[in-house]
Amino acid sequence: PKKKMVAHYTHFELVASLKAFLSTPSARILHRQRHMPMIADEKKDDGLLYWEAGNSGVQLPEFKTRPKMIVFDKDGTLGDDAASLKRWTNHMTRCMEHALTELQLSREIIAQAIKALHDKLGWDASVGHVIPSAPLAAGTWQEAVELSSNVFQHYGLSSSVASEWHEKLRNVHGADPPVISNLCDMLQSCRDLGLIVAVCTSDDRSPTNNALRNWNIAHLVDLSLCGDEVSEPKPSALPLEMLCRQANLIPEEVIIVGDTTGDTGMARNAQAGLCVGVLSGSGAAHQLMETGANIILPHVGHIPSLLNCMGLEKRPAREEQLVPDLQKASGNVTVGVMS
């Protein structure tokens, strides 16, 4: 398609929302030279790049072919996972503390063990929040359990306790609230533009199904792939390549949306057409940009505006989903959401 100039970007709320999110010099909405070349009359406000209505300030990304699929991360991108990550970390910490107390270890040693666990997972206990793009947020549960197990064994606990304790909260993300209240409208707008909608998450299948149903978006998701269904999780290119094979596409025809370096790394490694970083999860803007994001948005609520600015036009409504039978699965990729 022809290069499209942005002449009428009317969403000034994007600027206000970005200002609220981006309060440090490094946390700015930026552009990457390959996809976002600057042209005349760039408009800035306190270092924040934005699009002003009636002004051709930024040239948006080009695709060799029209984008055909948009792939969303789940935790931190579609769903607010902050509370569930805190609950899981506190649960594993309490279990370890109790077990080490039974071993009659000193309070000093137990405190060291707790710090070691938090450091491995990437948890900042001083603020009760995950460190940006830490393993706990960007990795799979299997990876988090393995990291925990290494710490537990170092302090004399059995190698099996990490899995046993994790099983009690295996579905912790299933009850996460949505990041925005109108997820349905946002995803429907993507489908109206003719895009296949996919979810690629490091979470397991069961809580993923629960979350998509709870958010009432299961019927809007054509493809989904979970962390317990791949041999190489994000940031490997493999998850995106699997989704592309299922949709009969190439990565250059895909838009990736995510909140951690796992998402941006997958996009870069697979050479996706566009990678959008969002600040609704654990990732920091500078991290996302350095690892592959072409543009940063506060949250997925701005995706429809971005797609419109890219010149994507509505397509005739699809008569059916990619594969109508939601029970059908091909390989490790689940089409739709299993009921």
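Placed above this text is the structure.
First, a word on scope: everything that follows refers to the structure included in this document. Just so you know, the residues in each chain are numbered from 1, in the order the chain's sequence is written. Owing to the predicted nature of the model, reporting of local features is limited to residues with pLDDT of at least 70; listing and counting of side-chain atom pairs is limited to 80 or more, with chain, interface and lining totals taken over all residues. As a rule here, side-chain values come from all non-hydrogen atoms in the structure, and water together with hydrogens is ignored.

Next up on the list: the overall build of the protein. A helix here means a DSSP run of H or I that spans at least four residues, while a strand means a run of E at least two residues long, and both kinds are numbered starting from the N terminus. A tally of regular secondary structure across the protein gives twelve helices and twelve strands. Here the analysis covers contacts within the protein between residues at least 6 apart in sequence; of these, 71% occur between residues at least 24 apart. Areas reported as accessible are Shrake-Rupley estimates using a 1.4 Å probe. Residue values count occlusion only from the protein chains shown. A total of about 14,900 Å² of accessible surface is found on the protein, and carbon and sulfur atoms cover 50% of it. The contact criterion used is simple: two residues touch if any of their non-hydrogen atoms lie within 4.5 Å.

Here, the term nonpolar core denotes a set of buried Ala, Val, Leu, Ile, Met, Phe, Trp, Tyr and Cys residues that are joined through side-chain atoms within 4.5 Å. Burial classification: accessible surface area is computed with a 1.4 Å probe over protein chains only, and a residue below 20% of its type maximum counts as buried, one above 50% as exposed, and the rest as partly exposed. Ranked by internal contacts, the top residues of the largest apolar core, which has 33 residues, are Phe72, Met186, Val300 and Ile303. Elements that contribute at least two residues to this core include exactly β3 (69–72), α7 (183–192), β6 (196–200), α8 (205–214), β8 (254–258), β9 (274–278), β10 (295–297) and α12 (303–309). Sort the elements by how many residues they give to this core and α7 lands first, with four residues.

So, on to the packing of helix α3 (residues 107–121) against helix α5 (residues 141–154). Angles shown run from 0 to 180 degrees and are taken between the N-to-C directions of axes, each axis being a line fitted to C-alpha atoms and, for helices, limited to the stretch in contact. At their nearest, the axes of α3 and α5 sit 9 Å apart, and the two run at 155° to each other. With respect to α5, the axis of α3 lies roughly antiparallel. Crossing handedness for the pair α3 and α5: right-handed. Of the residues in α5, those in contact with Ala113, Ala116, Leu117, Lys120 and Leu121 of α3 are Ala144, Leu147, Ser148, Val151 and Phe152. By the definition adopted for this analysis, an angle is roughly parallel if under 35 degrees, roughly antiparallel if over 145, roughly perpendicular if from 65 to 115, and oblique otherwise. Definitions for this section: a left-handed crossing has its near helix turned counterclockwise from the far helix by less than a right angle. A right-handed crossing has that turn clockwise.

Counting buried positions along helix α9 (residues 238–247) yields seven of ten residues, so the element is predominantly enclosed. Of the residues flanking the end of α9, it is Asn248, one or two places downstream, whose phi is positive at about 60°.

Attention now goes to the pairing of β9. A large share of β9 lies buried, amounting to five of its five residues. Going residue by residue along β9, you find Leu274, Val276 and Val278 tucked away on one face and Cys275 and Gly277 tucked away on the opposite face as well. When the strands point away from the viewer, a crossover counts as right-handed if the path from the first strand over the helix to the second runs clockwise. Between the parallel pair β8 and β9, the chain is carried across by helix α10 (residues 261–270), and the sense of this crossover is right-handed. Two strands pair if DSSP finds at least two bridges between them. For β9 and β10, the ladder comprises three bridges, and the chain directions are parallel. Bridged to Val276 within β10 is Ile295. Of the crossover connections in this fold, the one passing from β9 over helix α11 (residues 285–290) to the parallel β10 is right-handed.

Let's shift gears to the pattern of salt bridges. Salt-bridge detection follows one rule: a side-chain nitrogen of Lys or Arg within 4 Å of a carboxyl oxygen of Asp or Glu. Evaluation of the coordinates by the stated rule reveals eleven salt bridges. Salt bridges here are not isolated pairs; linked through shared partners, they connect Asp73, Lys234 and Asp263.

Regular strands show a simple pattern: their side chains alternate between the two faces of the sheet. Burial along β3 is two-sided: the residues Met69 and Val71 and Ile70 and Phe72 are all buried. For β3 and β6, the ladder comprises four bridges, and the chain directions are parallel. Bridge pairing links Met69 to Ile196 in β6. Here four bridges tie β3 to β8, and the two strands are oriented parallel to one another. Counted as the bridge partner of Val71 is Ile256 from β8.

Moving on: the side chain of Asp259. With respect to the secondary-structure elements, Asp259 resides in the loop between β8 and α10. It is Lys234 that comes nearest to the buried, bridge-free Asp259 among opposite-charge side chains, at 6.8 Å. Within the local environment of Asp259, its side chain forms a polar contact with the side chain of Thr77, the two groups lying 3.1 Å apart. Residues scored as charged are limited to Lys and Arg (positive) and Asp and Glu (negative), so that His and the chain ends carry no count. Identification of polar contacts relies on pairs of N or O atoms within 3.5 Å, with a donor-acceptor requirement for protein atoms, meaning one able to donate a hydrogen and the other able to accept it, and with residues adjacent in sequence counted only if both atoms are side-chain atoms.

Attention shifts here to the packing of aromatic side chains. For any pair of aromatic rings, geometry is given as the distance between the ring centres together with the angle between the planes. Between the rings of Phe, Tyr and Trp (Trp by its six-membered ring), a pair exists once the centres lie within 6.5 Å; its type follows the angle of the planes, with under 30 degrees stacked, over 60 edge-to-face, and the other angles tilted. Under the defined criterion, the tally for this structure stands at two aromatic pairs. With 5.1 Å between their ring centres and 65° between their planes, Phe152 and Trp165 make a pair best called edge-to-face. Within this pair, whereas Phe152 is found in helix α5, its partner Trp165 is found in helix α6 (residues 161–167), the two being separated by 13 residues in sequence. The two residues Phe152 and Trp165 agree in class, both being buried.

In an α-helix, one full turn covers 3.6 residues, which means residues spaced three or four apart are oriented alike. A rise of 1.5 Å per residue sets the reference length of helix α2 (residues 82–102), with its 21 residues, at 30 Å; its end C-alpha atoms lie 31 Å apart and thus fit the reference within 8%. Listed as buried for α2 are Ser84, Leu85, Trp88, Thr89, His91, Met92, Thr93, Cys95, Met96, Ala99 and Leu100. Expected helix span is taken as 1.5 Å per residue step, with the number of steps being one fewer than the number of residues.

Here we come to unusual backbone geometry. The linkage connecting Lys234 with the following residue, Pro235, adopts the cis geometry, with an omega of 15°. With respect to the helices and strands, Pro235 occurs in the loop between β7 (223–225) and α9. With a phi angle near 65°, Gln104 is a residue other than glycine that sits in the positive phi range. One non-glycine residue, Asn216, lies in the positive phi region at around 60°. Structurally, Asn216 is set in the loop between α8 and β7. According to the relative accessible area criterion, Asn216 is partly exposed, its value standing at 48%.

Take the environment of Gly277 next. Structurally, Gly277 can be placed in strand β9. The sequence separation of Gly277 and Thr264 amounts to 13 residues, and the corresponding C-alpha distance is 7.2 Å. The residues contacting Gly277, other than those within four sequence positions of it, are Gly258, Leu288, Ala293, Ile295, Ile296 and Leu297.

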